Amino acid sequence: MTAQSEHHDVRPPMRTLAELRAALRVWGIPGDADSFERELADADLDDLTRVREITQAYRHRVLLRCSPEAMEALMRSSADVAFELGQKMAEESAR
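Our subject in this report is the structure included herewith. This one's a predicted model, so the numbers in the text were calculated from it and none came from an experiment.

1. Here's the deal with the side chain of Thr55
Its place among the elements puts Thr55 in helix α3 (residues 48-66). Beyond its immediate sequence surroundings of up to four residues, Thr55 is in contact with Leu17, Leu20 and Phe36.

Structure follows, in structure tokens:
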């Protein structure tokens with residue numbers, strides 16, 4: 001019998017604009033849903049590359065919020081990150 005993963009995949013479906021809008025309302029940072037709508041409204045809908053860039057950026061934001069590892073990394077203090085970076089640089093210099 002295999003051990004179950006501690007973290008379950010809680011990513012919401014985001015295959016359509018309606019699903020992305022719903023995910024932003026639940027998982028987005030406050031204001032994300034409104035920002036998404038403004039950016040989409042300002043975009044030329046014939047410019048599919050721009051529309052894709054907007055939807056991918058907001059989809060990525062939801063995915064970050066759904067990832068315990070990503071949220072843990074975002075919550076680290078600058079001092080903690082600077083200390084870890086200093087240690088890694090010292091290790092590289094010692095080699």
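Still more to cover.
2. Digging into the nonpolar core
Grouped together as the largest cluster of nonpolar side chains are twelve residues: Met14, Leu20, Ala23, Leu24, Phe36, Leu40, Ala43, Val51, Ile54, Tyr58, Val62 and Cys66. The set of elements that each furnish at least two residues to this core consists of α1 (17-27), α2 (32-42) and α3. Leaving out residues up to four positions away in the same chain, Leu24 has contacts with Asp32, Ala33, Phe36, Tyr58 and Val62.

3. Details of the side chain of Asp32
As for its placement among the helices and strands, Asp32 is situated in helix α2. Separated by 2.9 Å, the side chains of Asp32 and Arg61 make a polar contact. When near neighbours in sequence (up to four residues on either side) are disregarded, Asp32 contacts Leu24, Tyr58 and Arg61.

Rules and cut-offs
- Residues numbered from 1 in each chain as written.
- Predicted model: local features only at pLDDT ≥ 70, side-chain atom pairs only at ≥ 80, totals over all residues.
- Heavy atoms only, no water.
- Helix = DSSP H or I, 4+ residues; strand = E, 2+ residues; numbered from the N terminus.
- Contact = heavy atoms within 4.5 Å.
- Core = buried A, V, L, I, M, F, W, Y, C linked by side-chain atoms within 4.5 Å.
- Buried < 20%, exposed > 50% of the residue type's maximum accessible area, 1.4 Å probe, protein only.
- Polar contact = N/O pair within 3.5 Å; in protein donor to acceptor, adjacent residues only side chain to side chain.

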